[in-house]
Amino acid sequence: MAKRDYYEILGVKRSATDIELKSSYRTLAKECHPDRNAGDKEAERRFKELNEAYEALKDPQKRAAYDQFGHAAFEGGMGGRGGPGFGPDFASSMSDIFDDLFGEFMGGRRGQGGGGRSRTGREAGADLRYNLEITLAEAYAGKTAQIRVPASVKCETCSGAGAKPGTKAKTCTTCGGMGKVRASQGFFTIERTCPHCQGRGEMIDDPCADCGGSGRVQKERTLSVNIPAGVEDGTRIRLAGEGEAGLRGGAPGDLYIFLSIKPHEFFQRDGADIFCKVPIAMTTAALGGQIDVPTLEGTTTRVKIPEGTESRKQFRLRGKGMPVLRSKVSGDMYIEVDVETPKNLTRKQRELLEEFERASHKETSPESAGFFSRVKEFFEGKSG
Ligand SMILES: [Zn+2]
Ligand SMILES: [Zn+2]
């Protein structure tokens, strides 16, 4: 069943003022209100229809969209792509009108971006956020990342104009192409964005089939993002003008890339310095030796362990840390060793260690030997 015309439902002419609209709605709504017509299905249907029509026409932007596109304006996806592009605007229509009324008097308009609407009906595109996770090695070396961003872009078919190719938008009859209308109220003359054309100054009779008249379409774009060496977790990279396309020639929004760095298996980062915990065998710690430790370059580097090295001893590898952004300087890498106590001993190993233990360890383990003799003295001194 074809939908009835909203103006017909409300019993008003297409040129009806807001006041006429409201008064007609009130009269009709009283007639078919469910409270008065309990159980009457036809009255209930009419009441719903009436509300739908009034909801659409009381809002100047929705009304303009309806005038231009009929019921299709609210069905979304005209031609399956993008729709006429009025949807998200509705919620902000009040504040936009407020801005149009007072913005200029207050000495300026809202800032760029964030979907601000200019008096010409152009509308800035929204900013976009893209979360990108990289590895620590990528943060170390820097990289060019290819990212795929789904966003609305200018419609190629109509070059963003919104009119079907070969046709032209015609001058809006309500505002005569000015994009704004004036109304006198007492001493004041109030100028506001033309509700019929949303300030464009023109009307599209034959909307472009690919974008439904909005002048933009959804498309996935591939962008190259340069990630400089040394970036920190949480860095925000702004790509100016790479956000959503603006409406009707409005400026595009920006694309913000939020970088996060994956935790690394071996390395912890602190600014430009890198920390790495390396377990070493007790024998290496006691006898000395060398270990191969991983580096951020993806190779290994040899570190000499002097004899008698203790747990938590740090070795500094100068310049092996993260590069400092926009400089030629690099941080350091700190290797912290963790001496591993031998476990799962063979009989032979146990015998060797027992033999080692029988030898005096006043010299080999002065700390522990000294500690226990001090404890002994402590208790003897107390009892004596
Ligand atoms: Zn188009
Ligand atoms: Zn107009």
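Residues numbered from 1 in each chain as written. Chains lettered and ligands numbered in written order. Predicted model: local features only at pLDDT ≥ 70, side-chain atom pairs only at ≥ 80, totals over all residues. Heavy atoms only, no water.

A. Spatial organisation of the environment of Gly-215. Tracing the sequence through the fold places Gly-215 in the loop between β6 (202-203) and β7 (216-227). Judged by relative accessible area, which is 4%, Gly-215 ranks as buried. In sequence terms Gly-215 and Leu-247 are 32 residues apart; their C-alpha atoms lie 6.7 Å from each other. Residues in contact with Gly-215, not counting those within four places in the same chain, are Val-153, Lys-154, Cys-155, Cys-158, Gly-160 and Gly-162. (Helix = DSSP H or I, 4+ residues; strand = E, 2+ residues; numbered from the N terminus. Buried < 20%, exposed > 50% of the residue type's maximum accessible area, 1.4 Å probe, protein only. Contact = heavy atoms within 4.5 Å.)

B. View of helix α3 (residues 41-58). For α3, spanning 18 residues, the distance from its first C-alpha to its last is 26 Å, which sits close to the expected 26 Å at 1.5 Å a residue. When α3 is considered as a whole, its buried residues turn out to be Ala-43, Phe-47, Glu-49, Leu-50, Ala-53, Tyr-54, Ala-56 and Leu-57. Structurally, the start of α3 carries an N-cap: the backbone nitrogen of Glu-42 is 3.1 Å from a side-chain oxygen of Asp-40. (Expected span 1.5 Å × (residues − 1). Polar contact = N/O pair within 3.5 Å; in protein donor to acceptor, adjacent residues only side chain to side chain.)

C. Geometry of the coordination of the zinc ion (ligand 1). Coordination of the zinc ion (ligand 1) by the protein involves Cys-155 (SG), Cys-158 (SG), Cys-208 (SG) and Cys-211 (SG), with metal-donor separations of 2.2 to 2.3 Å. One can describe the site at the zinc ion (ligand 1) as tetrahedral: its four donor atoms subtend angles covering 105 to 117° at the metal. Along the chain, the residues donating to the zinc ion (ligand 1) are arranged with the sequence spacing C-x2-C-x49-C-x2-C. Taken together, the residues span a long stretch of sequence, with Cys-155 in the loop between β2 (143-154) and β3 (170-171) and Cys-208 in the loop between β6 and β7 at a distance of 53 residues. (Donors = N, O, S within 2.8 Å, 3.2 Å for Na, K, Ca; no water. Tetrahedral: all angles 85-135°; square planar, octahedral: opposite > 155°, others 65-115°.)

D. Seen up close, a nonpolar patch on the surface. The grouping of Met-282, Leu-345, Leu-353 and Phe-356 at the surface amounts to a nonpolar patch, some 310 Å² of accessible area in total. When you line up the elements, Leu-345 lands in the loop between β15 (333-340) and α9 (347-358). (Patch = residues over 30% accessible without salt bridge, like charges linked within 9 Å, V, L, I, M, F, W, Y side chains within 5 Å. Areas by Shrake-Rupley, 256 points an atom, 1.4 Å probe, with all protein chains shown as cover. Salt bridge = Lys/Arg side-chain N within 4 Å of Asp/Glu carboxyl O.)

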